[in-house]
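Chain and residue survey
This is what each chain is made of:
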Amino acid sequence: MHIRVESLTHIYAQGTPAERVALRGITLEIGPGERVGISGPTGSGKSTLVQHIAGLLTPTSGQVLLDGVPAHARTPEARARRHQVGLAFQFPEAQMFELTVSREVAFGPRHLGLNADEIAGRVRWALEMVGLDPESFAERVPFALSGGEMRRVALAGILALKPRVLILDEPTAGLDPRGRADILARLRAWQAETGATLILVSHHLDEMAGMVDRVVLLANGQVVADGPTRSVLGDGYRLRAAGLSPPPGVALLEALRAAGWPVRTDVLDIEDVVSEIARWFFNHKDTKTRSIINRSF
Amino acid sequence: MSIPFIQTRALEHVYTAEDGRSIPALRGIDLTVHRGEFVALIGPNGSGKSTLARHFNALLLPTAGEVWVDGMLTSDPRHVQAVRQRVGMVFQNPDNQLVAGTVEEDVAFGPENLGIPPTEIRRRVDEALEVVGMTDYRRHPPHMLSGGQKQRVVIAGALATRPDCIVFDEPTSMLDAEGRRQVLQTVRRLNAELGLTVILITQSMDEAALAQRVLVMDGGRVVLDGPPEAVLEAEELDGLGLGRPYAAEVARRLRAQGVPLPRGLLTVEALAAALQNI
Ligand SMILES: Nc1ncnc2c1ncn2[C@@H]1O[C@H](COP(=O)(O)OP(=O)(O)OP(=O)(O)O)[C@@H](O)[C@H]1O
Ligand SMILES: Nc1ncnc2c1ncn2[C@@H]1O[C@H](COP(=O)(O)OP(=O)(O)OP(=O)(O)O)[C@@H](O)[C@H]1O
Ligand SMILES: [Mg+2]
Ligand SMILES: [Mg+2]
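From a predicted model like this one, the values you see are computed outputs, not experimental measurements. (Residues numbered from 1 in each chain as written. Chains lettered and ligands numbered in written order. Predicted model: local features only at pLDDT ≥ 70, side-chain atom pairs only at ≥ 80, totals over all residues. Heavy atoms only, no water.)

Here we come to the domain arrangement of chain A. Residue and element names in this part refer to chain A. Once the domains are mapped, chain A shows domain 1 (1–84 + 199–245) and domain 2 (247–297). Measuring from the centre of the C-alpha atoms in domain 1 to the corresponding centre in domain 2 gives 37 Å. Counting residues at the interface gives 12 residues for domain 1 and 9 residues for domain 2. For the pair domain 1 and domain 2, the summed buried surface comes to about 740 Å²; carbon and sulfur atoms form 57% of the total. Per-residue buried area on domain 1 facing domain 2 is highest for D206, R230 and G234; these three make up 56% of the total on that side. At the surface where domain 1 touches domain 2, the tally comes to 2 salt bridges. The salt bridge partner of E254 is R240, with a shortest N-O separation of 2.6 Å. Listed by contribution, the elements that provide at least two residues to the side of domain 1 that touches domain 2 are helix 8 (205–209), helix 9 (229–233) and helix 10 (236–241). At 4 residues, helix 10 tops the list of elements feeding residues into the side of domain 1 that touches domain 2. (Domains from an automatic or database assignment. Contact = heavy atoms within 4.5 Å. Buried area = accessible area lost by both parts, 1.4 Å probe. Salt bridge = Lys/Arg side-chain N within 4 Å of Asp/Glu carboxyl O. Helix = DSSP H or I, 4+ residues; strand = E, 2+ residues; numbered from the N terminus.)

Next up on the list: the sheet that holds strand 4 (residues 61–66) of chain A. All names here are of chain A. In space, the 4 strands of this open sheet follow the order 2-1-4-5, with antiparallel pairing throughout. Looking at which strands have only one partner, the edges of the open sheet turn out to be strand 2 (20–30) and strand 5 (69–70). Where strand 1 (residues 3–12) meets strand 2, 7 bridges bridge the pair, whose relative direction is antiparallel. For H10, the partnering residue across the bridge sits in strand 2 and is L23. Against the sheet, helix 1 (residues 46–53) engages strand 1, strand 2 and strand 4, with an angle of about 125° to strand 1. (Pairing = 2+ DSSP bridges. Axes fitted to C-alpha atoms, helices over the stretch in contact; angles between N-to-C directions.)

Before going further, it helps to examine the sheet that holds strand 7 (residues 165–169) of chain B. All names here are of chain B. Pairing within the open sheet is mixed, and its 6 strands lie in the order 6-7-8-3-9-10. Because the sheet does not close on itself, it has two edges, and the strands there are strand 6 (87–90) and strand 10 (221–226). The mean inter-strand angle of the sheet, taken between neighbouring strand axes irrespective of direction, is 20°.

Residue-level contacts link 42 residues of chain B with 45 residues of chain A. Each partner contributes to the roughly 3,600 Å² buried at the junction of chain B and chain A, and carbon and sulfur atoms together form 61% of this total. When residues of chain B are sorted by the area they lose upon contact with chain A, N45, M174 and Y246 of chain B head the list and together hold 19% of the total. Summed over the shared surface of chain B and chain A, the result is 1 salt bridge. Between chain B and chain A we count 10 residue pairs in polar contact (both at pLDDT 80 or more) in total. (Polar contact = N/O pair within 3.5 Å; in protein donor to acceptor, adjacent residues only side chain to side chain.)

Averaged over all residues, the pLDDT of chain A equals 92, while 95% of them reach at least 70. Segment residues 290–297 of chain A is flagged for pLDDT under 50; beyond a separation of four residues in sequence, or across chains, it makes 0 contacts in the model. (pLDDT = per-residue confidence, 0-100.)

To continue, consider the packing of helix 11 (residues 248–258) of chain A against helix 11 (residues 268–277) of chain B. Running from N to C, helix 11 of chain A and helix 11 of chain B point in directions that differ by 35°, and their axes come no closer than 9 Å. The handedness of the crossing between helix 11 of chain A and helix 11 of chain B comes out as right-handed. Contacts between helix 11 of chain A and helix 11 of chain B pair P248, A251, L252, A255 and L256 of chain A from the former with V268, L271, A272, L275 and Q276 of chain B from the latter. The residue makeup of the contact of helix 11 of chain A with helix 11 of chain B, split by class, is 9 nonpolar, 1 polar and no charged. (Left-handed = near helix turned anticlockwise from the far one by under 90°. Nonpolar A, V, L, I, M, F, W, Y, C, P; charged D, E, K, R; others polar.)

One face of the sheet, then the other: side chains in a regular strand alternate in exactly this way. Residues and elements named next belong to chain A. With respect to burial, strand 3 (residues 35–39) is a largely interior element, 5 of its 5 residues being buried. Residues of strand 3 alternate between two faces, with R35, G37 and S39 on one and V36 and I38 on the opposite face, all of them buried. Strand direction decides the pairing type here: strand 3 and strand 8 (residues 197–201), joined by 4 bridges, are parallel. In the sheet register, R35 faces strand 8, and the bridge partner there is L198. Examined bridge by bridge, strand 3 and strand 9 (residues 214–219) share 4 bridges and lie parallel to one another. (Buried < 20%, exposed > 50% of the residue type's maximum accessible area, 1.4 Å probe, protein only.)

Residue and element names in this part refer to chain B. Each assigned domain of chain B is listed with its residue range as follows: domain 1 (4–244) and domain 2 (245–278). For the pairing of domain 1 and domain 2, the buried interface totals around 830 Å² over both sides, and the portion due to carbon and sulfur atoms is 54%. Looking at the side of domain 1 facing domain 2, the largest losses of area belong to D206, E233 and R244, adding up to 71% of the total buried there. R255 is the salt-bridge partner of E233, the closest N and O atoms lying 3.7 Å from each other. One can count 5 residue pairs in polar contact (both at pLDDT 80 or more) joining domain 1 with domain 2. Mapped by element, the contributors of at least two residues to the side of domain 1 that touches domain 2 are helix 7 (205–208) and helix 8 (228–231).

On to the pattern of salt bridges, then. The final tally for this structure, using the stated rule, is 39 salt bridges over all chains. Linking E6 of chain A and R4 of chain A is a salt bridge whose minimum nitrogen-to-oxygen distance equals 2.7 Å. On the basis of relative accessibility, which here comes to 23%, the residue E6 of chain A falls in the partly exposed class. The class of R4 of chain A is partly exposed, set by a relative accessible area of 27%. Salt-bridge contacts for R103 of chain A lead to E98 of chain A; the nearest nitrogen and oxygen are separated by 3.1 Å. The exposure class assigned to E98 of chain A is buried, which follows from its relative accessible area of 11%. Among the charged side chains, a salt-bridge network with shared partners connects E271 of chain A together with D238, R244, E249, R252 and R253 of chain B.

All names here are of chain A. Around ligand 1, the surrounding shell holds 14 residues, and the nearest of these are R20, G43, K46, S47 and T48. Contact between ligand 1 and S47: an oxygen atom at 2.9 Å from a side-chain N or O atom of the residue. Interatomic distance of 2.5 Å between a side-chain N/O atom of T48 and an oxygen atom of ligand 1. Here ligand 1 loses 73% of its free accessible area of 630 Å² to cover by the protein chains. The element contributing the most residues to the shell around ligand 1 is helix 1, with 3 residues. Grouping the amino acids of the shell around ligand 1 by side-chain chemistry returns 3 nonpolar, 9 polar and 2 charged. (Near = heavy atom within 4 Å. Areas by Shrake-Rupley, 256 points an atom, 1.4 Å probe, with all protein chains shown as cover.)

So, in structure tokens, the structure goes:
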């Protein structure tokens, strides 16, 4: 699906004292199968933007087009397109209302008109994707779960839709480190296999770095950067200007560079950060050793 | 000198699910938290962290064993009010915890519920807002604040009831890096300057590294307990899938390549400094 955001403005509670401009004329295009990260400080408009892409909000001005059709329109074409967009909300607790985990996860697929076997298959698949053993969790009550378990259920509910456009708003908040890594790896594999569009909203820039090819930065309701992952997330200066802290690897390399090590700083993967430091460290040590040897002759 | 503040003895908690199945969440916990300690509580999802924390202020009562808070047994109904006053809670999502129309009304909410006289409430609200650095925002509607600011208001609300201890259950997981920094700095300051006992539940090993002591839970038990330098680089953490602080992981990989770095480098600053000094 082709997503086009055109001069989109959103004002909450317009005309009241609590009026709040959340988006200020955003224009953005996301092609089919793209993997895009959206970041920005709290309140910059990320959740508002993705809710527009899912057709859940009505623009104050401007529009979002899904394959050329306004996302929020009340037409069958628009509804059909919205059905292909799955948005996992930032606060999933607010969304859950079924009495068992399996019913909660089955809720979406049931509304897609699938038969019982297909639904059961989807539920099992989705629970496995999020690392919940169907045997022990299917019949549990969604509200009576730990925080991380609840978030996994909410994610499973969206995955079970197998959407063409998958939007995840802070999907890993509350997940333990292994769960986070495993779920993201499975999502990556699923995305590669299906060619779905992936839109990932996150404050965790290092986590985002391994998942997307392109990053959009929002600040104060506007797009302040939009480009390849490495050029956006590897640029500590620009991130700070947008009110964000750079990923830890970038911060580490910047500190070394400030101390005179001529390392590159736009390095995101931890393995590459290690190589960059090791490479320079051993070169440097060689010159040190050499100068000691030279002196001793 | 260390004075025990929270003690659990053979604490067990078993939830009963809708279908009657038992879900053992705590399986025999013997633990002492001392007055003024800053303890991080980490562990996989479902390992029992939030359940344990809820026992510290009598939101839950043991299904077996005992919990003592400041010398009071939490399962004694006469003590519930006093226990809740001693131990405050701050949860992950500030939006669910902010109830009033202005910041100061919100902070006053807790003490009002305790039936404290208005002049005293006034003083406590002023003080609590001062401590978290939100005095200038006292008449703001809470929903207009940033996530980090909202969370600081929630902390002020917890402080206004004058607890000896605050349990923070993943207070930063919805915040951006700047919001996280603000909240953690506030937490550290409350501990260092006011001697507040702090229990911080987190999934971030980088945050756990800021504590004086780290407790690791798995399957309803405490499986590791010690200073961050010892616990956060323990081999056992790999088995639990908890990983290491970012800097410790980079240092470990550099050591494997022959860079002579010591263990115990838990922050990016410490690692950068160590690299420069080799
Ligand atoms: N329902 C609402 N009513 C009024 N204002 C709102 C509402 N939802 C969001 N806002 C305001 O709109 C702005 C953008 O909010 P949004 O939730 O899109 O930000 P965000 O980038 O997702 O932030 P976070 O990182 O904290 O999730 C903020 O100033 C916020 O306070
Ligand atoms: N209200 C409840 N009713 C039944 N079982 C529950 C309830 N709350 C939690 N549990 C179960 O108790 C166990 C411990 O849950 P707890 O919330 O203490 O874990 P946690 O360590 O805080 O996890 P997380 O990191 O996901 O927040 C889990 O198996 C969970 O499913
Ligand atoms: Mg948001
Ligand atoms: Mg929990």
